[in-house]
Amino acid sequence: AFAVNVVSEGAEDETELPLLQKSEKSRTISKIGRELKGIVFVIQSQSNSFHSKRAEDLKRDILKQAEELGKELPTVLLIHQIDRHEGAWTILPLMRDFSVTYGKNSSWIFFCEEDTRIQVVKLARTLGRFDKSKEWFLGKALYDEESTIIHHYAFAENPTVFKFPDFAAGWALSIPLVNKLAKKLKSEPLKSDFTIDLKHEIALYIWQKGEGPHLTPVPEFCTDDVTSYKVDHCATTFSNFLPLCGEPVNKEDVFVAVKTCRKFHGDRIPVVKKTWEREAALIEYYSDYADVTIPTIDLGIPNTDRGHCGKTFAILERFLNHTSPRTPWLVVVDDDTLISIFRLRKLLSCYDPNEPVFLGERYGYGLGTGGYSYITGGGGMVFSRTAVQKLLASKCRCYSMDAPDDMVLGMCFSGLGIPITHSPLFHQARPMDYPKDYLSHQIPVSFHKHWNIDPVKVYFTWLAPSTEESHNGKKVGYNREDL
């Protein structure tokens, strides 16, 4: 569906070309073919059936374009198929494998998302501008306009100086840099800490406190929609603002559980009621106190200052035992989560509820040393009923009532061999905590936290169904204020 005619730049009739021109064109095609063979494509794929199919489609398209240039085909890898490491999606644990396997006969490792669209001729020409014998880190540059908690307030004095790649546009490492990173990782293994924003953390690791290369911005790496008038110069484009795979799931197919506690009944719950509650057909508020005016349900579990593992597992039990077995989806959110149930229903049209689906924004813990991935709770955690059944049938439970629920769930699903499913449309933080250019190619599903914002205003600017201006399924601009 997104194949590109790789030879037709110039659109001359082959039969009318003089022999010399045909020979020149043949040599050019042959040269591009050789350059293309030196590129190892790595697609950031996932094992969920919806995502793996999209990644396979992209792989087929890359190879189809390459076939039109000759017999030399590039290597195309899918991350979920080389997942010998739980943390393969964090890329760095794979560097030593990349160095050993491709360090002598390749020129570039090019990383992309399943929805990145690639014109392989333009990509080969773009990479060909850079000396492949040197250390290069190439991509479309993002930067923080103000320091943010997501990036641990890095570069607080002037966060705009540090650039990191927008994965949606694709990004590339030259083989000499891959070899250098592999050597460093051999002598200094990755620390067992958190992976929160991979694109920023990879750029920090490569930068090595100023001793390694900065990201070099490449204008041909783009995130404009493939149909945009702006993309003539682009080697890559991006096509996925909000997936829709048929009719949105019914309102009654989504059960929403809101975690709250007595001290927030007066300020946070009114925000939910003013904003997204009306989008939910099935919604319950779970608290440490039964308040009939909301109403809230007391689960009999005291509120804790730290994690809420006990409360979350009680919600899962209640969903399984006290809701209709015909309700396939459960969404668990905090009382300060802002979410579009309207958009979530569109997104869920792409997933099979008969699969164990655990969906949201992916974080990682200790992935350099075999840890686990998890869905961060603030942006919302989505479970298929099948996933809840498999989890509760296991012996995996909270190690303490105030353990972090999202991390325990990640640990449990990892132990069960059920991969978490990542969507960048869920957000653990507020809109101003993300680069504007990053949000510009999304139709977000959620944001989190009321800190220093007007949450009602944020909801109606970013998430409300009335702001869902679309044309033939494609995003058009919103009038978004600087929130």
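Residues numbered from 1 in each chain as written. Predicted model: local features only at pLDDT ≥ 70, side-chain atom pairs only at ≥ 80, totals over all residues. Heavy atoms only, no water.

As a reminder of what qualifies: UniProt positions are given in the numbering used here, feature names are shortened, and annotations may be inferred rather than shown by experiment.
As recorded in an unreviewed UniProt entry, the chain goes by B3GLT glucosyltransferase and comes from Certhia brachydactyla. Comment text from UniProt for the chain, heading Sequence similarities (unreviewed entry), reads "Belongs to the glycosyltransferase 31 family."

1. Structural notes on the nonpolar core
Operational definition: Residues belong to one nonpolar core when they are buried, are Ala, Val, Leu, Ile, Met, Phe, Trp, Tyr or Cys, and are joined through side-chain atoms within 4.5 Å. Whether a residue is buried, partly exposed or exposed follows from its accessible area with a 1.4 Å probe, protein chains only, as a fraction of its type maximum: under 20%, in between, or over 50%, in that order. Put simply, DSSP H or I for four residues or longer makes a helix, DSSP E for two residues or longer makes a strand, and each gets a number counted from the N terminus. Throughout, the edges of the domains are those of an automatic or database domain assignment. Any pair of residues with heavy atoms lying within 4.5 Å of one another is described as a contacting pair.
Ranked by internal contacts, the top residues of the largest apolar core, which has 84 residues, are Met 95, Phe 98, Leu 173 and Leu 344. At six residues, helix 6 (residues 198-207) tops the list of elements feeding residues into this core. Structurally, this core is a two-domain feature, drawing no fewer than three residues from each of domain 1 (34-238) and domain 2 (251-463). For Phe 98, the contacting residues outside a window of four places in its chain are Val 42, Leu 77, Ile 82, Gly 103, Ile 109, Phe 111 and Val 178. By size, the runner-up hydrophobic cluster in this structure holds 28 residues, among which are Ile 62, Ala 66, Leu 69 and Leu 127.

2. Digging into the side chain of Glu 361
Going by this rule: Just so you know, the count uses Lys and Arg for positive and Asp and Glu for negative, and it drops His and the chain ends. The salt bridge criterion pairs a side-chain nitrogen of Lys or Arg with a carboxyl oxygen of Asp or Glu, the two atoms within 4 Å. The term polar contact refers here to a pair of N or O atoms within 3.5 Å; inside protein, the definition further demands a hydrogen-donor-capable atom paired with an acceptor-capable atom, and it admits residues adjacent in sequence only when both atoms are side-chain atoms.
Among the structural elements, Glu 361 can be located in the loop between strand 17 (358-360) and strand 18 (362-365). No salt bridge forms around the buried Glu 361; measuring N to O, its nearest opposite-charge neighbour Lys 199 is 7.0 Å away. In terms of polar contacts, Glu 361 uses its side chain to reach the backbone amide nitrogen of Gln 428, at 2.8 Å. Once residues within four sequence positions are removed from consideration, Glu 361 is found in contact with Tyr 374, Ile 375, Thr 376, His 422, Ser 423, Phe 426, His 427, Gln 428 and Tyr 434.

3. Details of the state of the cysteines
To be explicit about the condition: In this description, the term disulfide denotes a pair of cysteine sulfurs within 2.5 Å.
Applying the stated rule across the entire model yields four disulfides. Linked covalently through their sulfurs, Cys 222 and Cys 234 form a disulfide whose S-S length is 2.0 Å. A torsion of -95° about the S-S bond marks the disulfide between Cys 222 and Cys 234 as left-handed. With a gap of 12 residues between them, Cys 222 in the loop between strand 10 (216-217) and strand 11 (236-238) and Cys 234 in the loop between strand 10 and strand 11 connect regions that are remote in the sequence. Here Cys 309 is linked by a disulfide to Cys 398, with a sulfur-sulfur distance of 2.2 Å. Between Cys 309 and Cys 398 the disulfide shows an S-S torsion of about -90°. By sign, it is left-handed. Here the residue Cys 309 occupies a position in helix 8 (residues 309-322), and Cys 398 occupies one in the loop between helix 10 (385-393) and helix 11 (405-415), the gap between them amounting to 89 residues. Given the relative accessible area of 0%, Cys 309 is considered buried. For Cys 398, a relative accessible area of 22% corresponds to the partly exposed category. Along the chain, the cysteines engaged in disulfide bonds are linked according to the scheme 1-2, 3-5, 4-7, 6-8 when indexed in sequence order.

4. Comments concerning the pattern of salt bridges
By the definition in use, this model includes 22 salt bridges. Note that Lys 180 and Glu 135 form a salt bridge whose closest N and O atoms lie 3.4 Å from each other. A residue pair is termed long-range when its members are at least 10 positions apart, and Lys 180 in helix 5 (residues 175-187) and Glu 135 in the loop between helix 4 (120-128) and strand 5 (137-139) qualify at 45 residues. Through salt bridges with shared partners, a single ionic network connects Lys 53, Asp 57 and Arg 60.

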